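# Per-entry structural report
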Amino acid sequence: MNFELNEDQVAFSDMARAFAQNELEPHAAEWDQTSFFPVDVIRKAGELGFCSLYAPESVGGLGLSRLDASIIFEQLSMGCTSTTAYLTIHNMVTWMLADFGTPDAVKQWGEKLATGELLGSYCLTEPNSGSDAASLKTTAKRDGDDYVLNGSKMFISGAGSTDFLVVMARTGGEGAGGVSAFAVDANAEGISYGRKEEKMGWNSQPTRMITFEDVCVPTNHLLGNEGDGFKIAMKGLDGGRINIATCSIGTAQQAINKAREYMLERKQFGKRLAEFQALQFRLADMVTELVAARQLVRMAAAKLDAGHVDATAYCAMAKRFATDVGFKVCDEALQLYGGNGYIKEYPMERYVRDTRVHRILEGTNEIMRLIISRRVLADGATEL
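Residues numbered from 1 in each chain as written. Predicted model: local features only at pLDDT ≥ 70, side-chain atom pairs only at ≥ 80, totals over all residues. Heavy atoms only, no water.

- An unreviewed UniProt entry annotates the chain as Acyl-CoA dehydrogenase family protein originating from Halomonas casei.
- Note on the chain: under the UniProt heading Sequence similarities (unreviewed entry), the record states "Belongs to the acyl-CoA dehydrogenase family."
- Entered under Cofactor (unreviewed entry) in the UniProt record, the comment concerning the chain runs "FAD". (UniProt positions renumbered as here; feature names shortened; annotations may be inferred.)

Below is the structure:
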């Protein structure tokens, strides 16, 4: 067990940190305030390979491990949580197309997604299908050389501003086995987009409902086989949980960095905040919990890379723990700032707003507990 980063990982981390400091952090507050989706900056990220970290080299991706990707996303999220979170979604969509798409579909979209020339969105959640994803109602009915999509998706990141969609739709009977996955042109006839949602956080990426009305999708845009959609979705979510946990860790680390600076400068009762033992102890607990969360996320990423039989349970544990800890650390950092933490002149309130949703998406933390407990209580279960 070696917890130190290797030379390549250090180089990737340094490159991502430089990009975050130069291209993300200086603009994050403005993007949040104006709800601006920084497409040009995302494409700059694509030039460095950040739009296709674990997509295969055959489509122009870097072909990195999930652990390597986590190390990079952590640094990027220190610059802008919301924009990095979108990048993680785009990475997942690019990987899904590259791994499960037909040669025709990969040829049409693969390299352009890998470079960030085209941007993607992931469409699973529906108005009446959130945690119970297998109950989704959007349909895809075969009609000659096409599938015809009808239904709606909600809470879709990037919707209305992206070029490509991975859509989960029902081709068969009820339950998970009836779900299939499709590569869909975001500008296809019959697709319409709802209003941009006004959100608590994640304001540098638009979120909209998408409606499909008799949208024709060529049969060669099916990902995998009919009935594979839910398996593809769950495989994607294992990695997605690592990614969003990582965004929490990076944001929390930046919150600690800022809080440390503030404690060393701010004076009350004639001495610096850093000299009050109660605040020292609070900072010590924040750092300890953050380091524990980071190690759990990296271990889960390594389990996923290794194809470990319990990778899904470890990803769930990492997501549950790291997103709870990340939000708590950001909230504690805000508290250390006092009233200043609550005003937008400082980034603390944005860190709190942006990390709050991480405990909901990619499977709520309640669902994470369900996944973990089912594994522990299964017949013949061994120790994790």
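### A short note on the overall build of the chain
- What the chain contains, in helices and strands, is 10 helices and 10 strands.
- With respect to the principal axes defined by its C-alpha atoms, the chain has extents near 80 × 50 × 40 Å.
- Looking at the chain as a whole, 53% of its 384 residues are labelled buried.
- Once local pairs closer than 6 in sequence are excluded, the contacts in the chain between residues at least 24 apart make up 72%.
- Working note: accessible area of the chain is about 17,000 Å², and carbon and sulfur atoms make up 50% of it. (Helix = DSSP H or I, 4+ residues; strand = E, 2+ residues; numbered from the N terminus. Buried < 20%, exposed > 50% of the residue type's maximum accessible area, 1.4 Å probe, protein only. Contact = heavy atoms within 4.5 Å. Areas by Shrake-Rupley, 256 points an atom, 1.4 Å probe, with all protein chains shown as cover.)

### Some words on helix H1 (residues 7-34)
- With 28 residues, H1 ought to run about 40 Å at 1.5 Å a step, and its terminal C-alpha atoms sit 39 Å apart, in line with that.
- At Ala28, H1 shows its largest bend, some 50°.
- Where H1 is concerned, the buried positions are Gln9, Phe12, Ser13, Ala16, Phe19, Ala20, Leu24, Ala28, Trp31 and Asp32.
- In the core, the buried residues of H1 are packed alongside helix H2 (39-47), helix H3 (66-77), helix H4 (81-100) and helix H9 (348-356).
- The distance from a side-chain oxygen at the start of H1 to the backbone nitrogen of Asp8 is 3.1 Å, and the residue carrying that oxygen is Asn6. (Expected span 1.5 Å × (residues − 1). Bend = angle between axes of the 7 residues up to and from the residue. Polar contact = N/O pair within 3.5 Å; in protein donor to acceptor, adjacent residues only side chain to side chain.)

### Brief notes about the packing of helix H6 (residues 229-265) against H9
- H9 packs onto H6 with a crossing angle of 165° between their chain directions and a minimal axis gap of 10 Å. With respect to their mutual orientation, H6 and H9 come out roughly antiparallel. For H6 against H9, the interelement crossing comes out left-handed. Of H9, the residues touching H6 (which contributes Thr251, Gln254, Ala255, Lys258 and Ala259) are Met348, Tyr351 and Thr355.
- Taken together, the residues of the contact of H6 with H9 break down into 4 nonpolar, 3 polar and 1 charged. (Axes fitted to C-alpha atoms, helices over the stretch in contact; angles between N-to-C directions. Parallel < 35°, antiparallel > 145°, perpendicular 65-115°, else oblique. Left-handed = near helix turned anticlockwise from the far one by under 90°. Nonpolar A, V, L, I, M, F, W, Y, C, P; charged D, E, K, R; others polar.)

### Observations concerning the pairing of strand E4 (residues 164-170)
- E4 sits mainly inside the fold: 7 of its 7 residues count as buried.
- A two-sided burial pattern is seen for E4, the buried positions comprising Phe164, Val166, Met168 and Arg170 on one face and Leu165, Val167 and Ala169 on the other.
- In terms of strand pairing, E4 meets strand E5 (residues 179-185) through 7 bridges, oriented antiparallel. Residue pairing for E5: Val166 is matched across the bridge by Ala183. (Pairing = 2+ DSSP bridges.)

### Regarding the UniProt feature "domain: Acyl-CoA dehydrogenase/oxidase N-terminal" (unreviewed entry) in the chain
- As recorded in UniProt, the feature "domain: Acyl-CoA dehydrogenase/oxidase N-terminal" (unreviewed entry) lies at residues 6-117.
- Helix makes up 73% of residues 6-117 and strand makes up 0%, while its end C-alpha atoms are separated by 31 Å.

### Brief notes about the nonpolar core
- Counting residues in each nonpolar core, the largest one holds 60 residues, and the members touching the most others are Leu76, Leu97, Tyr122 and Met168.
- Elements supplying a minimum of two residues to this core: H1, H2, H3, H4, helix H5 (103-115), E4, E5 and H6.
- The dominant element in this core, judged by the number of residues it contributes, is H4, at 10 residues.
- Setting aside anything within four residues of it in sequence, one finds Leu76 in contact with Ala16, Phe19, Ala20, Leu24, Phe50, Thr84 and Leu87.
- One finds Ala252, Ala293, Val329 and Tyr337 within the second-largest nonpolar core, a separate group that totals 35 residues. (Core = buried A, V, L, I, M, F, W, Y, C linked by side-chain atoms within 4.5 Å.)

### Things to note about a nonpolar patch on the surface
- A cluster of nonpolar side chains, namely Val376, Leu377 and Leu384, defines an oily patch on the protein surface of about 300 Å² accessible area.
- Along the chain, Leu384 turns up in the segment after helix H10 (365-377). (Patch = residues over 30% accessible without salt bridge, like charges linked within 9 Å, V, L, I, M, F, W, Y side chains within 5 Å. Salt bridge = Lys/Arg side-chain N within 4 Å of Asp/Glu carboxyl O.)

### Some thoughts on the UniProt feature "domain: Acyl-CoA oxidase/dehydrogenase middle" (unreviewed entry) in the chain
- UniProt feature "domain: Acyl-CoA oxidase/dehydrogenase middle" (unreviewed entry): in the numbering of this structure it lies at residues 122-215.
- Annotated as residues 122-215, this span is 0% helix and 48% strand, and its ends, taken at the C-alpha atoms, are 17 Å apart.

### A few points about the side chain of Ser121
- Within the secondary structure, Ser121 is located in strand E1 (residues 120-123).
- Residues within four places of Ser121 in sequence aside, it is in contact with Val93, Ile156, Ser157, Gly158, Ala159, Thr162, Phe164, Leu165 and Val166.

### Structural notes on the environment of Gln21
- Mapped onto the elements, Gln21 comes out in helix H1.
- A relative accessible area of 45% places Gln21 in the partly exposed class.
- Distance in space between the C-alpha atoms of Gln21 and Glu383 is 42 Å, their sequence separation being 362 residues.

### Here's the deal with the environment of Met263
- Tracing the backbone shows Met263 in helix H6.
- On a C-alpha basis, the gap between Met263 and Leu336 in space is 7.7 Å, while along the polypeptide they are 73 residues apart.
- Excluding its chain neighbours within four sequence positions, the residues that come into contact with Met263 are Arg272, Leu273, Ala274, Leu279, Gln280, Leu283 and Leu336.

### Re unusual backbone geometry
- Backbone geometry at Trp202 places phi at a positive 50°, although glycine is not the residue there.
- Mapped onto the fold, Trp202 is located in the loop between strand E6 (191-193) and strand E7 (207-218).
- A residue is classified by how much of its surface remains accessible, and Trp202, at 6% relative accessible area, is buried.
- A positive phi angle, near 50°, is found at Asp214, a position not held by glycine.
- By the secondary structure assignment, Asp214 is in strand E7.
- Residue class for Asp214 comes out exposed when judged on its relative accessible area of 52%.

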